[in-house]
Amino acid sequence: MIAAVQNRLRCAGTFGILLVVLVALHWLDGLIGPLSSFGALLAAAAAAQTSRRVLCSVLTGVALLAFFLARLSPLQALPLAALYQLTALWLVRSLPQGFQIFHLADVRRLLLRGVLAGSLLLAFADTLVVRLPEQSIFEALPGALNDALLASLSLLVLLPSLHSYAGRRWRLSSVGELLLLSALSALVCVLVARGGESMQPLLFLLFPLMIWATQHRHYPGFLVVSFAACSVVLLSRAYYQPVPDEWALLGDLVFLNALTATGLLLAASGSDERGMARELKAEKQKLARLLDHVPTYIFIEDLSGRFTYANRAFAGLLGLEVDVLVGTPVAGVQAMLSGAEPMPDWSLSAFEWRLHGARGEHVLLGSRFPLIDSQGDVYAFGFAATDISEQLLADEQARLTAKVFDNASEGILITDGSGIIIAVNAAFTQITGHQAGDAIGRRSRMFAPGESDTAELQQILRDGGHWQGEMRDRHRSGHHYPAWLSISAVTGSDGRVTHCVGVFSDITARKESEQRLQYLATHDPLTGLYNRAGLQEQLQRRIAGCDRSREALALLFIDLDRFKAVNDSFGHALGDSLLQQVAMRLQASLQEHDLVARLGGDEFTVLLDDFPSHAALSTIADLLVSEMGRPYRIEGHELYLTSSIGVSLYPQDADDAQGLLRTADIAMYRAKELGKNTFQFYASELNNRVSERLKLDSEMRQALRDRQFQLYYQPKYDLATRTLTGVEALLRWDSPRRGKVSPVEFIPAAEESGLIVVLGEWILRTACAQMRQWRDQGVAIPHVAVNLSARQFVPYKLVDTVRQALQDACIPPACLELEITESMIMANPDEAVLILRELRAMGVKVSIDDFGTGYSSLSNLRNFPLDALKIDRSFITNLPHDDDNAAITAAIVAMARKLRLTVVAEGVESHEQADYLNNLGCQVAQGFLFSPALSPATLPSFLQRPAATELAAAC
């Protein structure tokens, strides 16, 4: 919009100049002469059409025609107006748009077209149309030439004036200098005009004045000198020569044209040089900015080896400013950057330079090249390098990726966005059997349309996601194999899927291993039966099936009686063979769909879901008891085992797998309590009994922590001398909730739960500590007897426990007597002998408690290092009137005396029993006849009372 307005203003201004020239020519016609001034119209017409607008051209043509019609006839005016208009247009088309920039080439075109061609053409037309009708050729020639030279002079002055104004070449600061130039030019011309021909050489002073003006003030200087010279010369000619001399005017016009053309050429040449200088400076600045911002390290060194230029990238590599680097020796900087790395061969056209810069290590790929001047001589050397550190790293990563791709144990395939395979690795061929050439270019089966198995995968990948999971693939040979696939979609910047990368492996071995592990997790490795975990799984499955079919389910819990004795006596290898035969008998005795499991140790279960009645289930259980009782022949041994079976029903007895196992286990223990080698169905009262037993166990543990247990001591007397031989420590429990609890009730429960081990150690330590206290108080008690449990009769541990208890109490070993049962030493006679010998070696006494109630081998009994036998109270009762008890007691006493063992009778309650035992040869007795069990506090006072001495003497 602004440019259009400026163009209209330029058109109006140049057209106004044309009108001014037309008016001026009309009034100056008398001064210069008729027709001789028409040549100035060409300059005015050309200037009027510099905007190249059609309206300007039309108005210019109309103005020219009107001017010539006012001066000449229509036949003369029309061709002249047309010729002036066309010549002006021809001239305008050859010059730059708007005449705003005059270059040397533009000035040449102006001189050739405007000054020579245009002026001569108009002079010829003027002569032909206007002058020849009135003058001869010789008379018209000077006027025509003057007209042509005046036109050219007008062009040389007017058009540069417009250019200088449009280009804003005038400066207020130079007005004084321009006025001085104008005055000097006018003075020279005036002197020449007044002096005549003698002063003509002074005109040549205008040339150096013109040269100085164009060099210092460019176009404005050229214009003021040209305008001053032309004005003064022409006006002086008219003033000093009233009669026009056309040949003299011709000389002046030639001189002025020469002066003006010279000045215009000099101004244009200077303008081009300045423009070139500005462009060169701009190009240098552009090149410097470009070199400072390119990611290339560049520097130039002169022939003396110093920096003359370095771009910002290279200076930054050193951590320096460019100004600091210029002038620095190149060799020092190169050595500093290289460090311990070898210097590159600078003579090579391309080389790698490993260096240590301010921002770390770099690898540059560079070249060093000579810089040659216009004479072909080398004046400096240039260096340009690119940092290839990241490229080398990327190449190394690419090589590593390719190596991983080729050597990966998993198969890898890469497809394009449509599922066409574009790359596979060696593992792909190894797993699938398809060669790379066969697979590449084909669509992966994962992306085959219509595949229902991979529909979800395809949808996920189309959405640009990731999928992994197990799938079934087909080998080239035709067989199928399980594969684990992980595949991801690669998306482009537009979010579309460009590639898919899949990694897969053949998991056949893993699946087989999982199946094997699953089998091992659910089966017993010894018998091949289901283990506890497998039973739980199958039990839950069959319970779910029973819920659907509303059928019953029976679980038989089988425990082998006395299996531990067989295992301990004959070894674990034979025991394992025995368990295998038991498993085979169970499977052979049942139907194929019945489930048999081994829970561990000597515990088996049978799961039945096809029994017609309760009676039929009893028959099956009785059959299994009978089968388990048949002899087993293993490694030349004939072994006999019995079994105890508990039976539980679903859903009558329990509503889940755990409950069914628990109730069957309870029923099995009831079968053991009833003498073993039988079976029992679960009843609710059995659960109450088990719950009571668990509650009792919990209370006993709490009692041990709260010190509710106490030791009472029952004295033992020599029947012959009626003197105290020792005391037996007896455990008592006064429960806050139950009151006084009988040992017959809580001791078996402690044995079953294992608490007897902790309780037995507490009894041993407490009895020894009490013995220490009595000795410190001066109470004469020869020894204290402590009962041991079978669970405590363990090699090494028992001996260490006894030794530690004696050391803690600081009492002699002879003060301690340990009472054991027959079954404890007969379970493993060889092991028992070792334990008893260690205890005897310490000085501790050992006696057999409750002798006659258990199973013992008299041949082995003589080999045990024992001190005493205690006759069980069941044989003392009703003595001496019960002949059977009397006979057994007499036999025990006789045998003990032969083995040189002390005989102790317990449960003596009458004088008659004491006398009878004394007469049989029994040495020691204890019972309510002498004293009940007493607390540690009352025992010393009881022993010191006369009544106690008299009672003992009376006995």
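Scroll up to find the structure.
The paragraphs below set out a description of the structure included in this document. (Residues numbered from 1 in each chain as written. Predicted model: local features only at pLDDT ≥ 70, side-chain atom pairs only at ≥ 80, totals over all residues. Heavy atoms only, no water.)

**Some details on the overall build of the protein chain**
Here comes step 1: Looking only at helices and strands, the protein chain features 34 helices and 26 strands.
Here comes step 2: Burial status across the protein chain gives 45% buried among its 955 residues.
Here comes step 3: Expressed as a percentage of contacts within the protein chain between residues at least 6 apart in sequence, the contacts between residues at least 24 apart total 61%.
Here comes step 4: Accessible surface, the protein chain as shown: approximately 48,700 Å² in total, 57% of it carbon and sulfur. (Helix = DSSP H or I, 4+ residues; strand = E, 2+ residues; numbered from the N terminus. Buried < 20%, exposed > 50% of the residue type's maximum accessible area, 1.4 Å probe, protein only. Contact = heavy atoms within 4.5 Å. Areas by Shrake-Rupley, 256 points an atom, 1.4 Å probe, with all protein chains shown as cover.)

**With respect to the packing of aromatic side chains**
Here comes step 1: As enumerated under the stated definition, the model contains seven aromatic pairs in all.
Here comes step 2: Ring geometry for phenylalanine 428 and phenylalanine 504: centres 5.8 Å apart, planes at 85°, overall edge-to-face. Taken together, the positions of phenylalanine 428 in helix H14 (residues 426-432) and phenylalanine 504 in strand S10 (residues 497-506) put the pair 76 residues apart, joining distant regions of the chain.
Here comes step 3: Residue classification places phenylalanine 428 among the buried positions, given a relative accessible area of 8%.
Here comes step 4: Here phenylalanine 504 falls in the buried class, since its relative accessible area comes to 6%.
Here comes step 5: Ring centres 5.7 Å apart and planes at 90° place the aromatic pair tryptophan 733 and phenylalanine 746 in the edge-to-face group. In this pair, tryptophan 733 sits in strand S19 (residues 724-735) while phenylalanine 746 sits in helix H24 (residues 743-753), placing the two residues 13 residues apart along the sequence.
Here comes step 6: The structure contains a cluster of three or more aromatic residues connected by ring pairs, namely Phe709, Trp733 and Phe746. (Phe/Tyr/Trp six-rings, centres within 6.5 Å; stacked < 30°, edge-to-face > 60°.)

**A few points about the pairing of strand S24 (residues 868-871)**
Here comes step 1: Here S24 shows no split at all, with Ala868 and Lys870 on one side and Leu869 and Ile871 on the other all buried.
Here comes step 2: In the sheet, strand S23 (residues 845-851) pairs with S24 via three bridges, with the strands oriented parallel. Bridge pairing in S24 links isoleucine 848 to leucine 869.
Here comes step 3: One ladder, built from four bridges, connects S24 with strand S25 (residues 902-906); its direction is parallel. The residue bridging lysine 870 from the neighbouring strand is valine 904, located in S25. (Pairing = 2+ DSSP bridges.)

**Quick notes on the pattern of salt bridges**
Here comes step 1: The full count for this structure, using the stated rule, is 26 salt bridges.
Here comes step 2: In this structure, lysine 672 and aspartate 561 form a salt bridge, with 2.7 Å as the shortest nitrogen-oxygen distance. Taken together, the positions of lysine 672 in helix H22 (residues 657-673) and aspartate 561 in strand S11 (residues 553-561) put the pair 111 residues apart, joining distant regions of the chain.
Here comes step 3: Among the charged side chains, a network of salt bridges with common partners joins Glu699, Arg737, Arg738 and Glu745. (Salt bridge = Lys/Arg side-chain N within 4 Å of Asp/Glu carboxyl O.)

**Topic: the side chain of threonine 801**
Here comes step 1: Here threonine 801 lies in helix H26 (residues 797-809).
Here comes step 2: Looking at threonine 801, its side chain comes within polar contact range of the main-chain oxygen of lysine 797, at 2.7 Å.
Here comes step 3: Beyond its immediate chain neighbours, meaning those up to four positions away, threonine 801 contacts Glu761 and Leu764. (Polar contact = N/O pair within 3.5 Å; in protein donor to acceptor, adjacent residues only side chain to side chain.)

**Considerations on the sheet that holds strand S7 (residues 421-424)**
Here comes step 1: The strand order S7-S6-S10-S9-S8 describes an open sheet built from five strands, whose pairing is antiparallel. This sheet does not close on itself; its edge strands, each paired only once, are S7 and strand S8 (466-474). Neighbour to neighbour, the strand axes of the sheet diverge by 25° on average, direction disregarded.
Here comes step 2: As paired strands, strand S9 (residues 480-491) and S10 are joined by nine bridges and run antiparallel to one another. (Axes fitted to C-alpha atoms, helices over the stretch in contact; angles between N-to-C directions.)

**Notes on the packing of H26 against helix H28 (residues 829-842)**
Here comes step 1: For the pair H26 and H28, interaxial distance at closest approach is 10 Å and the crossing angle is 20°. Classified by the angle their axes make, H26 and H28 are roughly parallel. Crossing angle aside, the handedness with which H26 passes H28 is right-handed. Residues Leu798, Val799, Val802, Arg803 and Leu806 of H26 touch H28, and the partners they reach there are Ile835, Glu838, Leu839 and Met842.
Here comes step 2: When the residues that make up the contact of H26 with H28 are grouped by side-chain class, the tally is seven nonpolar, no polar and two charged. (Parallel < 35°, antiparallel > 145°, perpendicular 65-115°, else oblique. Left-handed = near helix turned anticlockwise from the far one by under 90°. Nonpolar A, V, L, I, M, F, W, Y, C, P; charged D, E, K, R; others polar.)

**Some thoughts on the nonpolar core**
Side chains of nonpolar character tend, in soluble globular proteins, to be buried together.
Here comes step 1: In this structure, Val802 and Leu816 are the most contacted members of the largest nonpolar core, which totals 82 residues.
Here comes step 2: Sort the elements by how many residues they give to this core and helix H25 (residues 755-777) lands first, with nine residues.
Here comes step 3: Every residue in contact with valine 802, bar those within four places of it in the chain, is listed here: Leu764, Leu816, Leu818, Leu839, Met842 and Val844.
Here comes step 4: Formed by 33 residues, the second largest nonpolar core is a distinct cluster that contains Leu574, Leu590, Val647 and Phe679. (Core = buried A, V, L, I, M, F, W, Y, C linked by side-chain atoms within 4.5 Å.)

**Side note on a nonpolar patch on the surface**
Here comes step 1: Together, Leu303, Ile372 and Val378 make up an exposed nonpolar region whose accessible area comes to about 280 Å².
Here comes step 2: Mapped onto the secondary structure, leucine 303 falls in the loop between strand S1 (296-302) and strand S2 (307-310).
Here comes step 3: Given the relative accessible area of 57%, leucine 303 is considered exposed. (Patch = residues over 30% accessible without salt bridge, like charges linked within 9 Å, V, L, I, M, F, W, Y side chains within 5 Å.)

**Side note on the sheet that holds strand S5 (residues 378-387)**
Here comes step 1: If you trace the five strands from one edge of the open sheet to the other, you get S2-S1-S5-S4-S3, paired in antiparallel fashion. This sheet does not close on itself; its edge strands, each paired only once, are S2 and strand S3 (351-357). Neighbouring strand axes in the sheet, compared pairwise and without regard to direction, differ in orientation by 30° on average.
Here comes step 2: Sheet topology places strand S4 (residues 360-372) next to S5; nine bridges connect them, and they run antiparallel. From the neighbouring strand, glycine 366 faces S5, where its bridge partner is alanine 385.
Here comes step 3: Of the strands in this sheet, S3, S4 and S5 touch helix H13 (residues 389-407), which is tilted by about 125° from S4.

**Quick notes on helix H19 (residues 563-570)**
Here comes step 1: Considered for burial, the residues of H19 that qualify are Phe563, Val566 and Asn567. Across the axial projection of H19, the buried residues extend over an arc of 100°, all falling on one side. For H19, the exposed residues lying more than 90 degrees away from the buried face are Lys564 and Ser569.
Here comes step 2: If you follow the buried residues of H19, they end up packed against S11, helix H20 (572-589) and strand S15 (637-639).
Here comes step 3: At the C-terminal side of H19, glycine 571 shows a positive phi close to 100°. (Arc of directions from axis to C-beta.)

**Quick notes on H25**
Each α-helix turn comprises 3.6 residues. Residues three or four places apart therefore point the same way.
Here comes step 1: Its 23 residues give H25 an end-to-end C-alpha distance of 33 Å, which sits within 8% of 33 Å, the value for a rise of 1.5 Å per residue.
Here comes step 2: For H25, the set of buried residues is Leu755, Ile756, Leu759, Gly760, Ile763, Leu764, Ala767, Cys768, Gln770, Met771 and Trp774.
Here comes step 3: At the C-terminal side of H25, glycine 778 shows a positive phi close to 85°. (Expected span 1.5 Å × (residues − 1).)

**Some points on the environment of alanine 148**
Here comes step 1: Structurally, alanine 148 is set in helix H6 (residues 137-166).
Here comes step 2: Taking relative accessible area as the criterion, alanine 148 reaches 5% and is therefore assigned buried.
Here comes step 3: Taking the C-alpha atoms as reference points, alanine 148 and leucine 253, separated by 105 residues in sequence, lie 9.5 Å from one another.

**Section: the packing of H19 against H20**
Here comes step 1: Between H19 and H20, the shortest axis-to-axis distance is 6 Å and the interhelical angle comes to 140°. When the axis of H19 is compared with that of H20, the two are oblique. Contact with H19, carried on its side by Phe563, Val566, Asn567 and Phe570, involves His572, Leu574, Gly575, Leu578 and Leu579 of H20 and no other residues of that element.
Here comes step 2: For the contact of H19 with H20, the class distribution of residues is six nonpolar, three polar and no charged.

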